[in-house]
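Okay, here's what each chain looks like letter by letter:
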Amino acid sequence: MNNIIAYPIGDSLYLNLTNRCTNACAFCVRTTTDSGMGYDLWIDKEPAVEEMVADIKAKGIENYKELVLCGYGEPTERYSDMLEVVRQIKAYCPVKVRLNTNGHANLIAGRDVTDEMEGLIDIVSISLNAPDARKYQEICRCQYGEEGFYGMLDFAKRAKEYVPEVVFSVVDVMDKEDIDSCRQIAEEIGVRFRVRELIK
Ligand code: SF4
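This section reports on the structure supplied with the text. (Residues numbered from 1 in each chain as written. Predicted model: local features only at pLDDT ≥ 70, side-chain atom pairs only at ≥ 80, totals over all residues. Heavy atoms only, no water.)

Turning to the site of the ligand, a few remarks are in order. Surrounding the ligand, one finds Cys21, Asn23, Ala24, Cys25, Phe27, Cys28, Arg30, Gly73 and Asn102. Within the shell around the ligand, the residues separate by chemical class into five nonpolar, three polar and one charged. (Near = heavy atom within 4 Å. Nonpolar A, V, L, I, M, F, W, Y, C, P; charged D, E, K, R; others polar.)

Taking 1.5 Å per residue as the helical rise, helix α6 (residues 147-159) with its 13 residues ought to reach 18 Å, and the 18 Å between its terminal C-alpha atoms agrees with that figure. Taken as a whole, α6 has its buried residues at Gly148, Phe149, Gly151, Met152, Leu153, Phe155, Ala156 and Ala159. Where the residues of α6 are buried, they touch β4 (96-101), α4 (105-109), β5 (123-127), α5 (133-140), β6 (165-171) and α7 (176-189). (Helix = DSSP H or I, 4+ residues; strand = E, 2+ residues; numbered from the N terminus. Expected span 1.5 Å × (residues − 1). Buried < 20%, exposed > 50% of the residue type's maximum accessible area, 1.4 Å probe, protein only. Contact = heavy atoms within 4.5 Å.)

So, about the packing of aromatic side chains. Enumeration according to the criterion identifies four aromatic pairs in this entry. The rings of Tyr136, Phe149 and Tyr150 are connected pair by pair, giving a single aromatic cluster. (Phe/Tyr/Trp six-rings, centres within 6.5 Å; stacked < 30°, edge-to-face > 60°.)

With four bridges joining them, strand β3 (residues 66-69) and β4 adopt parallel strand pairing. The partner of Val68 across the bridge, within β4, is Arg98. Handedness of the β3-helix α3 (residues 79-92)-β4 crossover: right-handed. With four bridges connecting them, β4 and β5 associate as parallel partners. Pairing of Thr101 across the sheet is with Ile126, part of β5. (Pairing = 2+ DSSP bridges. Right-handed = clockwise from strand over helix to strand, strands pointing away.)

Time to look at unusual backbone geometry. For Asn129, which is not a glycine, the phi torsion comes out positive at approximately 70 degrees. On the secondary structure map, Asn129 appears in the loop between β5 and α5. The buried category is assigned to Asn129, whose relative accessible area is 4%. Despite not being glycine, Arg141 has its phi angle at roughly 45 degrees, a positive value. With respect to the secondary-structure elements, Arg141 resides in the loop between α5 and α6. A relative accessible area of 44% means that Arg141 is categorised as partly exposed.

None of the figures reported here should be taken as evidence of function without further support.
Okay, here's the thing in structure tokens:
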């Protein structure tokens, strides 16, 4: 294992916080490949806040257009550590920060933590993945069962209050009908909608 912490993709710098996740999606790159975007992102020990901050600075974060909180897993499994890293990086340079998430932060914390993102997270991109709870559970095999779907929708609604841009994303391999239903959910909640390419 290389224990990669921060790694570049295009003009973004990605942060690999954890391999843990509340879902076990059928299409997840963790289960379908040995690497993500050409990197071996399996880690045998989660990096400490200081290690993440040091690596992000060492990789020259000031030269990137954004910092992406990602992981080979769900970054909000380490919500307070994640926000502490962002706090220190934003004090260092004014980089835009995007959180790529499954939207389970509140379920993980057992309370509403969306307000803690205010002033730290600029974009939240949430994987919607399915138009209803049953299909979501079939695809995402969430540890919270169908509650994972409702918790994710609620997270998006609340996040809108504290984050300038909230986006629901789906992968392009879904049925057109399901994509249309997902688009409608995004419209109802009042967040942006994006169809993205499946990472293979
Ligand atoms: S939510 Fe993301 S990291 Fe978690 S299993 Fe699904 S695709 Fe993988």
